[in-house]
Amino acid sequence: MTDTTVDTAEQAASADTDKPVHAIVERKASPWRAPLAFAAMGLALIATGVFQSPAVALTILNMSLVSAIMAMGLNLQWGYAGLFNAGVMGFTALGGATAVVISHPPVMEALGAGGRGLALSFLIVVAIIATVTFIASATRGRFRSFLIFVTVVAGYIALRPVFGAAVGAVEAVDPARTGFIGGLGLPITLSWVAGGVVAAGVAWIIGKVALGLRTDYLAIATLGISEIVVSVLKNEDWLVRGVKNVTGLPRPVPYEIELQQQPWFADLVERVHAGQLAAITDAAAREDALRQFIVEGSGHFVKIAYAGLFTVVLLILLALCVRALNSPWGRMMRAIRDNEEAAAAMGKDVTRRHLQVFILGSAIIGIAGAMMTTLDGQFTPGTYNPLRFTFLIWVMVIVGGSGNNLGAVLGGFVIWFTWVQAEPAGAFIIEQITRDMDPSTPLYQHLQDIAAPFRLFVMGFVLLLFLRFSPKGILPEKVRHS
Amino acid sequence: MPDATDILNALVLMTNFVFVPALAYGSQLALGALGVTLVFGILRFANFAHGDLMAFGTTMVILITWGLQAQGITAGPVPTALIALVPAILVTAVAAILIDRSVFGFYRKRRAAPVVLVIASVGVMFMLSAIVRFIMGTDDRRFTDGERFIIRAREFREMTGLDEGLAIQTTQALTVIVAIVTVTALFIFLRRSRTGKAMRAYSDNEDLALLSGINPDRVVLITWIIAAALATIAGALYGLDKSFKPFTYFQLLLPIFAAAILGGIGQPIGAVVGGYIVAFSEVMMTYAYKRFVTYLVPENWAPEGLLQFLGTDYKFAVSFIILVVVLLIRPTGIFRGAVIK
Amino acid sequence: MYLTGQGMTGGYGGADIIKDCTIGVDKGEIAVIVGPNGAGKSTAMKAMLGMLTIRKGHVRLGDKDITALTPQARVGEGIAFVPQTSNVFTGMSVEENLEMGAYLRRDDIRQTMAQVYDLFPILKEKRRQNAGELSGGQRQQVAVGRALMTRPSVLMLDEPTAGVSPIVMGELFDRIIEVRDTGLAVLMVEQNARQALEIADRGYVLVGGVNWREGTGEELLADPEVRKSFLGG
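All residue numbers refer to position in the chain's written sequence, counted from 1. For naming, the first written chain is A and the first written ligand is 1, with later ones following in the order written. Where totals are concerned, whole chains, interfaces and linings use all residues; where local detail is concerned, this predicted model gives features only for residues with pLDDT of at least 70, and gives and counts side-chain atom pairs only at 80 or more.

Caption draft 1: Up close: the overall build of chain C. Strands here are runs of E lasting at least two residues and helices are runs of H or I lasting at least four, both read from the DSSP assignment and numbered beginning at the N terminus. Looking only at helices and strands, chain C has 10 helices and 10 strands in total. The C-alpha atoms of chain C give 17 Å as radius of gyration, which agrees with the globular expectation for 233 residues (17 Å, within 12%). For chain C, the spread of C-alpha atoms along the three principal axes comes to 45 × 40 × 30 Å. Note on contacts: residues are paired as contacts if their backbone-placed C-beta atoms lie within 7 Å. Pairs at least 24 residues apart make up 67% of the contacts formed inside chain C by residues separated by at least 6 positions. What the globule rule says is 2.2 Å times the number of residues to the power 0.38, and the radius of gyration is computed from C-alpha atoms.

Caption draft 2: Structural view of the interface of chain C and chain B. At the junction of the two partners, chain C supplies 18 residues and chain B supplies 12 residues. Broken down by secondary-structure element, the contributors of at least two residues to the side of chain C that touches chain B are α2 (71–76) and α3 (94–101) of chain C. The residue classification treats Ala, Val, Leu, Ile, Met, Phe, Trp, Tyr, Cys and Pro as nonpolar and Asp, Glu, Lys and Arg as charged. All others, Gly included, are polar. Considering only residue class, the side of chain C that touches chain B consists of nine nonpolar, seven polar and two charged.

Caption draft 3: Spotlight on the sheet that holds strand β7 (residues 154–158) of chain C. All names here are of chain C. Pairing between strands is defined by DSSP: at least two bridges between them are needed. An order of β6-β7-β8-β3-β9-β10 is seen for the six strands of this open sheet, with the pairing classed as mixed. In this open sheet, the two edge strands, each paired with only one partner strand, are β6 (79–82) and β10 (210–215). Shown here is a sheet whose adjacent strand axes are inclined to one another by a mean of 15°, direction ignored. Here β6 pairs with β7 via four bridges, running parallel. Residue pairing across strands places Ile79 opposite Val154, the latter belonging to β7. To define axes, lines are fitted to C-alpha atoms, for helices over the stretch in contact only, and angles between the resulting N-to-C directions are given on a 0 to 180 degree scale. Across the sheet, helix α6 (residues 136–148) lies against β6 and β7, angled at about 165° from β6, the strand it touches most.

Caption draft 4: Quick look at the interface of chain B and chain A. Taken together, the contact pairs 38 residues of chain B with 41 residues of chain A. Considering every element that reaches the side of chain B that touches chain A, the biggest residue donor is helix α4 (residues 114–136) of chain B, with 15 residues. Per-class residue counts for the side of chain B that touches chain A are 29 nonpolar, five polar and four charged.

Caption draft 5: Summary view of the domain arrangement of chain A. Taken domain by domain, chain A comprises domain 1 (107–181) and domain 2 (385–433 + 445–482). The split of the chain into domains comes from an automatic or database domain assignment. For domain 1 of chain A versus domain 2 of chain A, the distance between C-alpha centres works out to 43 Å.

Caption draft 6: The arrangement of the sheet that holds strand β4 (residues 54–61) of chain C in detail. Residues and elements named next belong to chain C. The four strands lie next to each other as β2-β1-β4-β5, forming an open sheet whose pairing is antiparallel. Two strands bound the open sheet, and with one partner strand each, they are β2 (18–25) and β5 (64–65). Pairing of β4 with β5, which is carried by two bridges, proceeds in the antiparallel orientation. Opposite Arg60, over in β5, you have Asp65 as the bridge partner. The strands touched by helix α1 (residues 41–49) within the sheet are β1 (3–10), β2 and β4, with β1 carrying the most contacts at an inclination of about 115°.

Caption draft 7: Seen up close, the confidence of the model for chain C. Per-residue confidence from the predictor is given as pLDDT, running between 0 and 100. A residue-level look at chain C finds 99% of positions with pLDDT of 70 or above and a mean pLDDT of 91. Overall fold confidence (pTM) sits at 0.89, and the ipTM for the predicted complex is 0.92.

Caption draft 8: Examining the packing of helix α11 (residues 253–263) of chain B against helix α14 (residues 315–329) of chain B more closely. Residue and element names in this part refer to chain B. Taken N-terminus to C-terminus, the directions of α11 and α14 make an angle of 30°; their axes are 9 Å apart at the nearest point. Judged by the inter-axis angle, α11 sits roughly parallel to α14. By crossing handedness, the relation of α11 to α14 is classed as left-handed. Residues Leu254, Pro255, Ala258, Ile261 and Leu262 of α11 lie in contact with α14, whose contacting residues are Phe316, Ser319, Phe320, Ile322, Leu323 and Val326. In terms of residue class, the contact of α11 with α14 is built from 10 nonpolar, one polar and no charged. Angular relationships are summarised with four words: roughly parallel below 35 degrees, roughly antiparallel beyond 145, roughly perpendicular across 65 to 115, and oblique for the angles in between. Handedness of a crossing is defined here by the sense of rotation of the near helix relative to the far one, left-handed for an anticlockwise turn of less than a right angle and right-handed for a clockwise turn.

So this is what it looks like as C-alpha cells:
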C-alpha cells in the first residue's frame, strides 16, 4: 500500500464522498488561483528588474525556465507515479555533458592519439556485455555466476591496459587547453534533444535495476547513481575534461560583441531609448549614452533570446505533459500510484508503466540539464551537488503542487526566485545585525560568511512549512473522485 | 620465491594502508548505520537527515572542545574532543527531540505514509546543514589534539628492521575502542534492559507492543536520544580521524545506507557488520596493490601498473554496487531485516 | 456480568458495522461469539477493547464505565487481548515475549511466568527460541501466554484457532478451559462454531451486526435454527 499523496487523512475523507466514477472534478480552489499565482510571480520578477536590475531579473527568469522544466520532469515521476527519484542531479549532469559532446568541436589531435584505443575499449565493453548476456540466458545456477564472474574479471584485465593507454594519450594532448576528445561540433540546440535521449538511456538501465524496489530504496539507489554519474564526469578527463571544465561552448543566440556592431541593433536600441536620448542636449554625451545603452541592451537581448528559446521548449513539454496526464495512460499511472496492489490485480503491468514514466521524466530532466549548460556556456562538473540539483527540485515540486504540471512550473519559478534572493536577503539581515558591531571582532567576520547558507535554511523551512500546512502545494492536483 | 622478510613487509604494508584505515572507517560507518537502522526500525522511515545530524553533533563537539581548550582543559595524550563528547551528545539529543516534536511527530500521529516522513527528513536535512554552516562555515577543520601517533612509521621500522613502516594514529585506535564500547553498551541495552526490550518489541510489532502497554512516546524519545548519541559519536570519530567538512557528512549517507541495508535494515547487528564490509570493500577496491605484489613475486615479474581496481574518486561506486547487489540478490540483507515498505 | 458491552453501535469511520449489539461475560466462564463472515464478530470484540469508537452504548468492567478509555488503558484495567494475526514478537525469544506481556507490571513476574510454563510446557522447553521460528500452534500458545502475563481478569481471543490443525485446536481449547478455571473471564470470537460452542458457557450468535441468538453453549447447539444456519444441520 503506497499512498503517495502527501496528506492521507484528507485523501481518505474525500474518497468517501459519492461522486460519479472517473469524473474529473475541480477542487474547491478558485479557477483564478493559477493565473493569480503566475501573475504574482511575474510581478516579483518585474520588481526585481526595477529595484535590482533588469539583468538580474532576466538571469533569474532564464534559470527559472530551466528549473521549471526540471520540476516538470520530476513531477512526472513523483506526482504522476509516486517514484522517489533522488538522482535528479545525475540526469542534469548527463544532459550537461551531452551539450559538450554535441557542440564542442572535435579535438582531432587527441582523437588521433587515443581514438583507436578508445574505440577498442568500447568494443571490449560491448563484447563483455554481450558475453554476460549470453551466459545469463544460456546457463543456470552456480555455474552461471562463476562464468559471469570469470568473464567480467577477464574482460576487465583485457580492458584496463588498452583503455589506460588511450586515456593517457588523449589527456596528454595539450592538457592546458584540451586534453579531451572534444565533441561533434554540431549546433548546441541539438544537444537538448540528445541530452534527453542520453538521460533516457541511462534511466532505462537504472530503471531496469532499481524500479522493482520500494520507495525508500529507490530513493537511496538513485541518490547513489547520481553521485556516481557526477564522479565519472569529474574524473574521466578524456571525456569532458573533468574538473578542468569545458568553457566557451558555442551559443544558439548571438554574442554581445557581434550585436553591438550590428546597425539594426543600434537602431533598435535608439528607438527604445528615444525618450531618454532626446533629453540629452549635448551631442557627445548623447553618443556616449547611446553606446552605453547598446552595451547594456546587447546583454539584455541575449538573455531575452535565451528566454524565448526556453519558453518555447517549456511550452512544448508542458503541452505534452498535460496531454499525457489527461490521456488514458496518465489515468492509469495515477491509478497505479494511488493503489498499486489493486492496479496490479487488475492486470496492469506496474513495473513496465513505472519504467516508462521514469524514462520520460529523466529525459525531461536531461533536456533541462543540456539547456542549463547551454545557458552557462560552460560545463563544470565540480559544481553539481545534490542539495542544489536534486533536493531543490524536490522542493519545487512539493511547493508548486505535486501531480499538477502548472504547479511544477510555478514551483520552479517561485523556488528558484527564493533560492537566488535568499542570499542577498541573508546578507541584508546580517548587515542589520552587525551594523553596530566592531568590524575587527571575529564574530563580525564570522557573521559575514553565513549569508550563503541562509538559503539552505530558507529552503528547508519552506519545504517543511508546505509539507505541514499545505501539503498539496500552491496549485493542488485536480482530484479525481472515484 | 619471496623470503620471510618480503612476506612480512607485504603484510605490514597491507596492515598500514588497508587494515588499519578500513577498521577505523568501518567503525565510523557502523555507528552511523546503527543510527539509521534504529530510526528505521522504530520510526519506520529512512532518515535522510542522519548525515547532517552527525555534522551537527560534531559541530557541538568542536565548539565544546574549543571551549575546554580555552579554559586550559585538555585530555592529555588523547584528543580533548573525547571529554566534549558527553555534553555534545546531550545538546544533540535535545536538538533531535525538538526536531521530532516539531516535524516528525506530527506525521507519525497522523500515521502518514513513510515517504512523507522521508520528504520531511529532506527538509530537516536542509535546515540542519544550514545551521551547521552558520556555525562552522564550509571549510575543512581539524580539531584533534594530544599525541598524534601511538606507533610512528619510522619507530616501527627501527624497531623491527623491516622496510615497511606501520603507523597507528591515536584517533584510529580511539575510533575502534570507542566504537566497540558503544556498540557493546547498545547491545546490552537492547538485549537486557526493560526499555531496550520494549524498543525491540515496538520495532517488531507496533500494535502488539501497544497492547502490551508499551508507551510509544517514550520509545520514540529514547530512540532519538540513542540516534543522536550514535550520530555524535560517529561524526566526532570521523572528524577526528579525517577532518570536519559539512558536505562530506552529507556524502557519508550513501555508505551508511549501504551498510544498513546490507546488514538488514532495522537489525542493529547487521548495521555493524555492514559498516565493516562496506568500509573494507571501499578501501580494498581503491587501494593500489603494486607494492604489495612486488614484495611477493619474483623481481622480474613486478607489475608495471598500479594494480588498482578503481580510482579513489570512485569510492562511492563501491558502496553503490554493494547496495545494488544486495537489493537484487537479497533485499532483506544479511540478517533478514525489514523490506522497506 | 463482569464485562459487558451494552447496546454498542459503531464501525470504522464509515457505515455502522455493529448495531445495538450487547455482549457480556462473567468471571470463570467462557463466552463465545459466532456468526457468519462479516457479521461483525471481531468488530464487537474490538469495540469492547476500545479499538474502535462506538457511537452509542457503553462498555462496563466490574462497576466501572470504561467506554472512554483507550485500548492501552483498558489493558491496564485488566483486559488482555490476543489478536488473530501477528500476535507474537517474531524477532524475540519466547521468554522475552512473555516479559513484554508483563511490561506494565513492576512486581516480580517469575511466578506468573512459571504458571504460563505450567499451562504450556512446550514453551518452557523453547523459551530461548525466537517466537518466529515456532509452529503455528506453538505461536498461539505464546500469544495466549503473553496475554496472561498481565494477570488479567478478562482474556479476549480473536479466532485463536484460525489456521491450526484440528488436533492443535482441541488442545488449545483444553488450555482455554484451564485458564477459565483459574477464575478469568474468557471472551472469544470463533470461526469453528461447533467446537467453540461445545466449550462455551455462554454463546452469542451475531448476524449482520445485531444479536440474533443468545444462550448457553448447549442451548445454542441444540437450537435447530442455529444448527441449520451455522453448524451444517
